[in-house]
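# Examination of the molecular architecture
One-letter residues, chain by chain:
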Amino acid sequence: MSSSSPRLTARYFIETPNDLAKAAATLAGEQSSGTFVEVPGETAELKQRFAARVESIKPLDTSPTPAIPTGRPTPPNAVYRRAEVAVSWSLENFGHNLPTLVSTVQGNLYELAQFSGLKLIDLDFPAEFSARFRGPQFGIPGCRRLTNVPAGRPLIGTIIKPSIGMSPDTTAELVRTLVEAGIDFIKDDELMANPPHSPFDARVDAIMRVINAHADRTGKKVMYAFNVSDEIDAMQRHYEKIVRSGGTCAMISLNSVGLSASKKICDLGQLAIHGHRNGWGMLNRHPLLGIEYPAYQKLWRLAGVDQLHVNGIANKFWESDDSVVRSIQSCLAAEPLNKPLLPVVSSGQWGGQAPETWRRTQTTDLLYMAGGGIMAHPNGPAAGVHALREWWEAAVSGLTYDQCLAQRPNLALSAQKFAK
Ligand SMILES: O=C(O)[C@H](O)COP(=O)(O)O
Ligand SMILES: [Mg+2]
């Protein structure tokens with residue numbers, strides 16, 4: 001590589017009490033060859049090759065108060081300036097090292113006192129960088145193939161609820177009800193991994209007995225995402241247990257497990273990987289701190305995750321519908337790697353959100369999941385599965401929410417129970 005090496009570009013939303021150009025230059029310096037003071041080794045030649053470059057600064061609005069604490073007193077009449085800035089780095093700085101790339105674009109810069117707000121909006125990877133990563137091994141076509149779900153409808157899924165507390169046998173009985181009702185996908189909750197009351201291996205044995213028997217009878221193998229999240233050796237053991245038992249999917253709590261350990265599991269390549277983003281609020285909820293989903297999903301796509309959570313329309317959390325729609329579009333976008341992720345729509349879903357989800361995204365390339373929205377259906381979980389399927393059928397036929405209820409009498413019960 002040389003000074004003409006391809007460059008990675010990151011876009012940030014920043015806020016600073018200082019001059020915008022000066023603040024951006026501090027960010028670029030601190031995250032490449034510079035520090036708080038000039039050091040003798042930072043020669044012109046070294047800088048030319050390794051210094052991060054401020055590519056653009058687009059001034060936005062101002063604020064009289066800082067978005068986040070700066071650790072410095074607020075001067076009288078302070079003005080906090082906001083801007084979108086683009087900064088680029090040569091691939092020479094980090095090679096194909098994903099964690100170090102993250103430390104470069106998402107490391108100490110969040111701690112600089114010069115900023116009263118900083119959010120990573122998006123990343124633009126040069127093809128030379130992405131090409132070193134395999135990315136999703138199964139992706140949307142692979143997940144459809146494994147579950148036998150043709151294009152034209154979403155994969156319908158659920159989360160075992162109660163999340164914790166049930167024995168493997170009780171869980172397997174619930175799985176029996178769900179697979180017999182025609183569900184496509186089931187997963188452990190992120191709170192359920194390998195606790196004493198439901199040891200991982202015993203749970204896999206009990207559940208896969210049901211799923212394999214159903215597959216032998218009907219030809220349909222329901223995808224169960226067993227939560228392998230743990231230390232690396234244990235995750236590998238759990239993974240192998242799923243493979244030996246005929247399972248097709250492993251789930252990882254991405255933010256808890258971390259990028260390299262998650263990639264290690266993705267690299268094994270035999271199971272579809274369900275990426276759960278619990279902890280997302282900590283990374284994104286503040287408008288001027290953290291990371292936006294378009295950048296976040298690219299990192300996990302490079303790591304090799306196949307399915308990634310996006311929240312859901314009219315969800316139980318804080319996130320707006322606009323943000324959910326944008327996340328779905330990010331997963332479905334071609335780049336990087338020309339391998340879209342399967343967006344996992346989950347959080348307070350019960351089917352009634354299907355018409356709006358369809359209207360706003362015009363896609364059925366979704367894993368649409370309801371935990372409470374299936375388990376708590378007034379006629380039981382099997383009826384919950386049927387209702388979800390029917391809501392989606394009606395939504396894709398172009399019916400609005402009200403038309404769905406008027407034309408599909410079966411849907412009334414779920415609306416009575418769950419609509420707010
Ligand atoms: O892990 C998840 O996706 C959540 O537990 C969703 O559960 P809910 O459908 O009951 O909101
Ligand atoms: Mg959960």
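Keep in mind that what you see is a predicted model, and the values were worked out from it rather than measured. Throughout this document, residue positions are counted from 1 along each chain, in the order its sequence is written. Throughout, the order in which chains and ligands are written sets their labels, letters from A for the former and numbers from 1 for the latter. Only residues with pLDDT of 70 or above have their local features reported here, since the model is predicted, and side-chain atom pairs are shown and tallied only from 80 upward, although totals for entire chains, interfaces and linings are computed over all residues. With hydrogens and water excluded, all non-hydrogen atoms of the structure serve as input to the side-chain values.

Turning our attention to the UniProt feature "domain: Ribulose bisphosphate carboxylase large subunit C-terminal" (unreviewed entry) in the chain. UniProt positions are given in the numbering used here, feature names are shortened, and annotations may be inferred rather than shown by experiment. Feature annotation in UniProt assigns "domain: Ribulose bisphosphate carboxylase large subunit C-terminal" (unreviewed entry) to the following positions: residues 151–413. Note on conventions: DSSP H or I runs of at least 4 residues are helices, E runs of at least 2 residues are strands, and numbering of each starts at the N terminus. Across residues 151–413, the secondary structure splits into 47% helix and 14% strand, with the terminal C-alpha atoms separated by 28 Å.

Within the secondary structure layout, L337 lies in the loop between α13 (321–332) and β12 (342–345). It is 30 Å that separates the C-alpha atoms of L337 and N315, two residues lying 22 residues apart in sequence. Apart from the residues lying within four places of it in its own chain, the contact partners of L337 are S130, F133, R134, G135, P136, R301 and L302. For this analysis, residues touch if any pair of their heavy atoms sits within 4.5 Å.

Before going further, it helps to examine the domain arrangement of the chain. Boundaries of every domain are those given by an automatic assignment or by a domain database. According to the domain assignment, the chain consists of domain 1 (7–130) and domain 2 (139–418). Distance from the C-alpha centre of domain 1 to the C-alpha centre of domain 2: 36 Å. Contacts between domain 1 and domain 2 engage 22 residues on the former and 18 residues on the latter. Here's the idea: put two parts together, see how much 1.4 Å probe accessible area each one loses, and the total over both is what we call buried area. Around 1700 Å² of area is buried between domain 1 and domain 2 when both sides are counted, 70% of it from carbon and sulfur atoms. When the buried area of domain 1 at its contact with domain 2 is split by residue, L98, K119 and S130 rank highest and sum to 33% of it. Each reported salt bridge corresponds to a side-chain nitrogen of Lys or Arg within 4 Å of a carboxyl oxygen of Asp or Glu. The interface formed by domain 1 and domain 2 contains 2 salt bridges. Between N or O atoms, a polar contact is any pair within 3.5 Å; within protein, one atom must be a potential hydrogen donor and the other a potential acceptor, and residues adjacent in sequence are included only when both atoms are from side chains. Applying the counting rule to domain 1 against domain 2 returns 10 residue pairs in polar contact (both at pLDDT 80 or more). Only β1 (7–16), α3 (98–106), β4 (117–124) and α4 (127–130) provide two or more residues apiece to the side of domain 1 that touches domain 2. For this classification, Asp, Glu, Lys and Arg are treated as charged, while Ala, Val, Leu, Ile, Met, Phe, Trp, Tyr, Cys and Pro are nonpolar and the rest, including Gly, are polar. Grouping the constituent residues of the side of domain 1 that touches domain 2 by class yields 15 nonpolar, 3 polar and 4 charged.

Here the focus is the coordination of the magnesium ion (ligand 2). Note that water is not among the atoms considered, so a metal site may appear incomplete; the donors listed are N, O and S atoms within 2.8 Å of the metal, with 3.2 Å applied to Na, K and Ca. Taken together, D189 (OD) and E190 (OE) make up the protein donors of the magnesium ion (ligand 2), found 2.1 Å from the metal. Whether a residue is buried, partly exposed or exposed follows from its accessible area with a 1.4 Å probe, protein chains only, as a fraction of its type maximum: under 20%, in between, or over 50%, in that order. The exposure class assigned to E190 is partly exposed, which follows from its relative accessible area of 26%.

Strand order in this open sheet of 5 strands is β2-β3-β1-β4-β10, and the pairing throughout is mixed. The sheet is open, and its two borders are formed by β2 (53–63) and β10 (289–291), each paired with just one other strand. Sheet twist, expressed as the average angle between the axes of neighbouring strands with direction ignored, equals 15°. Along the sheet face, helix α1 (residues 20–30) touches β1, β2, β3 (80–90) and β4 and points at about 130° away from the line of β2. Between any two strands, pairing holds if DSSP finds at least two bridges. Axes here mean lines fitted to C-alpha atoms, for a helix over just the part in contact, with angles spanning 0 to 180 degrees between N-to-C directions.

Our focus in this paragraph is helix α12 (residues 293–303). Of all 11 residues in α12, 11 are buried, a share of seventy percent or more. Listing the buried residues of α12 in full gives Y293, P294, A295, Y296, Q297, K298, L299, W300, R301, L302 and A303.

Per the stated rule, a full pass over the model turns up 22 salt bridges. Of the charged contacts in the structure, one is a salt bridge between R82 and E15, with a shortest N-O distance of 2.7 Å. One end of the pair, R82, is in strand β3; the other, E15, is in strand β1, with 67 residues separating them in the sequence. Like R82, the residue E15 is buried in the burial classification. D184 is the salt-bridge partner of K220, the closest N and O atoms lying 2.7 Å from each other. Linking K220 in the loop between α7 (200–218) and β7 (223–227) with D184 in the loop between α6 (168–180) and β6 (185–187), this pair joins segments that are 36 residues apart in sequence. Here K220 matches D184 in class, with each residue buried. Through salt bridges that share partners, R11, E84, D122 and K298 make up one connected network.

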